[in-house]
Amino acid sequence: MVLHCYSHFLAHSLPKELKGNLIIFCADVASAMFIRATGRNLQIAYGQSLKFLDLVKLSEKSDILPSGDIAALVYLWNPFTIVACVGLSTSPVENLAIILSLYGACRRIAPLAAFGWVMATHLSLYPVILIIPMILLLGYGPDTPPRKLFLQRKYVEVGDTPSNDRCQQGEAVDQPELPYVFSWRPVIHFLFWTSLWLVYVLVLCGVSVKQYGGLWELFKRTYGFMLTVQDLSPNMGVLWYFFAEVFDFFRNFFLIVFHGNILFMILPLAIRLKHRPFFLAFVYIVISSMLKSYPSVGDSALYLGLLGLFVNELADMKFSFFLFCGYIGVSLLSPVMHNLWIWRGTGNANFYFATAMAYACLQIILVVESVSAMLNHDRKLRKLSATKVLDGKT
Amino acid sequence: MELSFTQGRWNYDRWGGFDPISSSNAKPPGVELWAVFDVPKDQVDASWKNLTHTLSGLFCASINFLESSTTYSTHEWGFHPSSGGLRYGTLPREAVCTENLTPWLKLLPCRDKAGLSALLDRPSIYRGFYHSQRLHLTSSEFHSSGVESGIVLEQALTVVLQPNSHKMSKTFSSETKLQPSWSLSSIFGRKVTGRCILAKTSNVYLQLERGLVTGLENLQKDNMITGPDHVGSGGLKDNPGFELSVRPDKMFKEVNSLHGKSSSILYEYSIERYSVFEPFDLGLTWKFPVVWSCPRAPLHSSRFLMGSGNQRGTIAISFTSTDLEEGFLSANIGEESCKLQADIFQVVPWYIKAYYHTLRVFVDGQPEAITNVVEKMHVSPSEDKESPGVMELVLKFPCAVKSAALTLEFDKGFLHIDEYPPDANQGFDIPSAVIIFPNFQTSMHYLEDNSSNKSPMLSKFQEKSPVLSYTEVLLVPLTTPDFSMPYNVITITCTVFALYFGSLLNVLRRRVGEEERILKNSASKKAGRLPQLLSRLSAKLRGKEWEPPQSPSTSSSFISSKLILKVFIVAGVAVFWQYYSE
């Protein structure tokens, strides 16, 4: 449905070349603005929780970079974003929908979050897994250090005050600020709005495709196509070559395995990172961009932009320079190998596939190292908080 | 139903495109099958599948490849009026050999043992430029106006041969070479030794085309030979152009109301009175060089590919006007509303993804708007791995057109390795397109006396059918994956996935302090200068603080000795197993 409106717009503005890009251009700029706003929101919330834990010294020890601005600039100036914009791909629109949903969830604006999530799922199937971080964002609020620290703090404070009245007063004062209590109200609000938008979108789709076979045909041809990998054209992913060479007997098995890889990681990551739902959403986005059936550079543009939101926490990430060089190398080599294979006929499919494998490996390293760095950051906070508690006790 | 096996391409320029033979007997290379079924719509595909399998077994050809829906198509208003029960399929790459000819001959009453079919010497047939064997089957329950009742099977073998030109000695002052003389024995190496007993009639016809007759008449006029007007009136010996070795039994002249030029002549030889002792050997000896051209279709059509690279390309169909127009349509050329209609029917396989919105038409070198030239268009876009793309166009060109062209852009698809033929780097074939000129009918009427029975050949010539021509088969190279790599690709991809899975779970699993413990353990096990330097270097790279190795704890040594013991036990068991299982 969105594609229909988009093509309508494009057809009308075809004479002026620049205006053909207008919708994508606006989508990119809007995404950047929303990333900036989200970054600021996250930073404020994080600062508040650090202050609560009396760890402000940590934040003042090193320069705190404005993560929102950096992330917005990284997203706008990323060559991948520019390439996706010039190529008139619909990835910027999909990225905008995902960012809208995350922004809405951070600010606890349930209708906006629901709209963004429904649109993102409608456009490409994979953002459906973002429902878990969004529920966590709406329930718990933006990223915080681990809950255990807050509990320790609370017990310390309770232990300090001898009298019960003071304790209850302290509790009453602290209750609304406690970030580890899951509030159900925004979540239910969000689910209600989700169902509303879902019904609306489904009704509109059903009306517009009624003469072409109805909704089931639409799902079979869009989501079914993505899930069963019908078309084997080469792209930046690894699935095209695999399914061109796999034996038919095992095709369904491998389809289930590859899509299950995305689904299986949802639960362990959610358990480990439930106190950082925005980072969890970022990790889900990286995983789905890496393992989806038809990846493109537009998806990479999204998570590279969101990576900028965590510059403060991921400052100690290993292999960052290696990854940077790797991304540049792969993005330069990959079109060359494609040209050699398809346009000149002097290369082989293996050259292009090798660059796609290198790209996948780079993304794996990025995911693993960013998760590792974030967990290390949490451990550091825990150590600092533990020393503070010990200092407080003595 | 019509089934044809063809080897070679019919040269429309030199062998004609307007007469009944070239319209009905010139077929695209390979196998072409079309069939009209009289069953309910949902059973047509099943009937087609049965038909292809049966024919494949009967003719020892791989016609069964036509059963899958990616190879056959239906069409709306093509060359055969149908009511939805028509299916059409071709195999451009099928080679034709004697194994296909033998079953075809078996369908004849006398096979190749007696009668005219005894002439068919295999080497001489397959040495020719073009040969095509055709079967046409009609069931008269289907036809409402059939003369005969029951099933009518019509078989035609079309061969284009070049006679040996050893005897060409005389050259003339005008420097034109004499046409090669031929006889049945020189071409086939055999003579006709009688007719098939089961045949009702057995005749040999020799046709002199219009152009040839005109040439001979001009020759007569040049040589100023007096006598009867035209060539065929019995005075064959006076004919300056050629001489026939056997005198024809009958002569038919074409009743020609359309052309202002002369009409073609048909000589009939009846094989009744020939036998083994008196074989029939028709021979034609040329005495004087004559140059003539065959009547051609109004537009000479050809098709070719444009573009480079294995991602996209363009199919182009070009039309060039031939001389027919000047003679035929001279009356109408001046009018503006005179339109030359051409119907195009083209099927492309699904991996040639044609973009029908990029169709462009050029008339006389100038691009024209589609609506000016295209009157009707029916497109059935291809579906990946399910059905081919079918395009039917009705074009109307102005009568005075000199040249015209159509271009259509396409993207090339990628196939699974099972779908490539054994010689994948040769490329894939796009079957011939069919060009029909419905305004021009190829029918020749011959004057005949009432006493004779209507011979089937003459009634065949009189059938009204539109002028038909087939374009070339296009060879499209597609990108190929590396066929030697299925295991490697599967293994490498699964390794990458395992890498992702394992590393991410490992990172999530780690507890506080375990890493430092591991580092300490590994650092403590090392002794000596070089390992210490190495561990210092690795620690620096990782950005961690370097701790000097401590004395190994008893637990770690205990663990390592246990490990060594385990390794020895496993090795011993393996050796024992190997020794005793042999």
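Residues numbered from 1 in each chain as written. Chains lettered and ligands numbered in written order. Predicted model: local features only at pLDDT ≥ 70, side-chain atom pairs only at ≥ 80, totals over all residues. Heavy atoms only, no water.

Student: I tried to follow the overall build of chain B on my own but got confused; where do I start?
Tutor: Across its full length, chain B carries 14 helices and 25 strands. Taken across its 582 residues, chain B has 43% of its residues classed as buried. By sequence separation, contacts in chain B at least 24 residues apart represent 74% of the contacts at least 6 residues apart. Surface exposure of chain B reaches about 31400 Å², of which carbon and sulfur atoms provide 56%. (Helix = DSSP H or I, 4+ residues; strand = E, 2+ residues; numbered from the N terminus. Buried < 20%, exposed > 50% of the residue type's maximum accessible area, 1.4 Å probe, protein only. Contact = heavy atoms within 4.5 Å. Areas by Shrake-Rupley, 256 points an atom, 1.4 Å probe, with all protein chains shown as cover.)

Student: When you look at a nonpolar patch on the surface in this model, what are you seeing that I'm missing?
Tutor: Residue and element names in this part refer to chain A. Judged by side-chain polarity, L22, F25, V29, M33, L73, L76, W77, I82 and V86 come together as a nonpolar surface patch covering roughly 890 Å² of accessible area. The set of elements that each furnish at least two residues to the nonpolar patch consists of α3 (22-52), α5 (67-77) and α6 (79-86). In terms of residue count, the dominant contributor to the nonpolar patch is α3 (4 residues). Checked against the element boundaries, I82 lands in helix α6. (Patch = residues over 30% accessible without salt bridge, like charges linked within 9 Å, V, L, I, M, F, W, Y side chains within 5 Å. Salt bridge = Lys/Arg side-chain N within 4 Å of Asp/Glu carboxyl O.)

Student: I'm lost on the UniProt feature "transmembrane region" (unreviewed entry) in chain B in this one. Help?
Tutor: According to UniProt, the "transmembrane region" (unreviewed entry) feature falls on residues 487-508 and 563-580 of chain B. With 100% helix and 0% strand, the stretch residues 563-580 of chain B has end C-alpha atoms that lie 26 Å from each other. (UniProt positions renumbered as here; feature names shortened; annotations may be inferred.)

Student: Just to check I follow, could you spell out the packing of helix α7 (residues 91-106) of chain A against helix α9 (residues 131-140) of chain A for this structure?
Tutor: When two helices pack together, their arrangement is given by the angle between the helix axes and by the axis-to-axis distance. Residue and element names in this part refer to chain A. Between α7 and α9, the shortest axis-to-axis distance is 8 Å and the interhelical angle comes to 25°. If you check the angle between α7 and α9, you find them roughly parallel. In this structure, α7 contributes S101, L102, A105 and C106 to the contact, and α9 contributes M134, L137 and L138. Tallied by class, the residues present in the contact of α7 with α9 amount to 6 nonpolar, 1 polar and no charged. (Axes fitted to C-alpha atoms, helices over the stretch in contact; angles between N-to-C directions. Parallel < 35°, antiparallel > 145°, perpendicular 65-115°, else oblique. Nonpolar A, V, L, I, M, F, W, Y, C, P; charged D, E, K, R; others polar.)

Student: Can you walk me through helix α17 (residues 277-291) of chain A in this structure?
Tutor: Each α-helix turn comprises 3.6 residues. Residues three or four places apart therefore point the same way. Helix length check: α17 of chain A, at 15 residues, gives a terminal C-alpha distance of 21 Å against a target of 21 Å (1.5 Å per residue), a fit within 8%. Counted residue by residue, α17 of chain A has 15 buried out of 15 residues, so it is predominantly covered. (Expected span 1.5 Å × (residues − 1).)

Student: Can you walk me through the nonpolar core in this structure?
Tutor: Note that soluble globular proteins tend to have their nonpolar side chains buried in a common cluster. With 109 residues, the main nonpolar core has F243, L269 and I287 of chain A as its most contacted residues. In terms of residue count, the dominant contributor to this core is helix α20 (residues 349-393) of chain A (15 residues). Beyond its immediate chain neighbours, meaning those up to four positions away, I287 of chain A contacts I262, M265, L269 and V367 of chain A together with Y500 and L504 of chain B. Among the nonpolar cores identified, the runner-up in size contains 41 residues, and F319, V361, I435 and V476 of chain B belong to it. (Core = buried A, V, L, I, M, F, W, Y, C linked by side-chain atoms within 4.5 Å.)

Student: How should the sheet that holds strand β17 (residues 366-368) of chain B be read in this particular structure?
Tutor: Within a sheet, each strand pairs with its neighbour through backbone hydrogen bonds, oriented either parallel or antiparallel. Residues and elements named next belong to chain B. The antiparallel open sheet is built from 5 strands, whose spatial order is β13-β14-β20-β16-β17. In the strand order of this sheet, the two ends are held by β13 (299-306) and β17, each with one partner. Ignoring which end each strand starts from, the neighbouring axes of this sheet average 30° apart. (Pairing = 2+ DSSP bridges.)

Student: Help me understand the state of the cysteines in this model?
Tutor: Linking two cysteines covalently through their sulfur atoms gives a disulfide. Counted according to the given criterion, the structure contains 1 disulfide over all chains. Linked covalently through their sulfurs, C110 of chain B and C196 of chain B form a disulfide whose S-S length is 1.6 Å. Because the torsion about its S-S bond is 75°, the bridge between C110 of chain B and C196 of chain B counts as right-handed. Pair noted here: C110 of chain B is in the loop between α4 (98-106) and α5 (122-126) and C196 of chain B is in the loop between α6 (184-188) and β8 (203-208), with a separation of 86 residues, a long-range link. The pair C110 of chain B / C196 of chain B is uniform in exposure class, with both members buried. In this structure C85 of chain A is not part of a disulfide, and its nearest cysteine sulfur, from C26 of chain A, lies 9.8 Å away. What makes C85 of chain A buried here is its relative accessible area of 12%. (Disulfide = S-S within 2.5 Å.)

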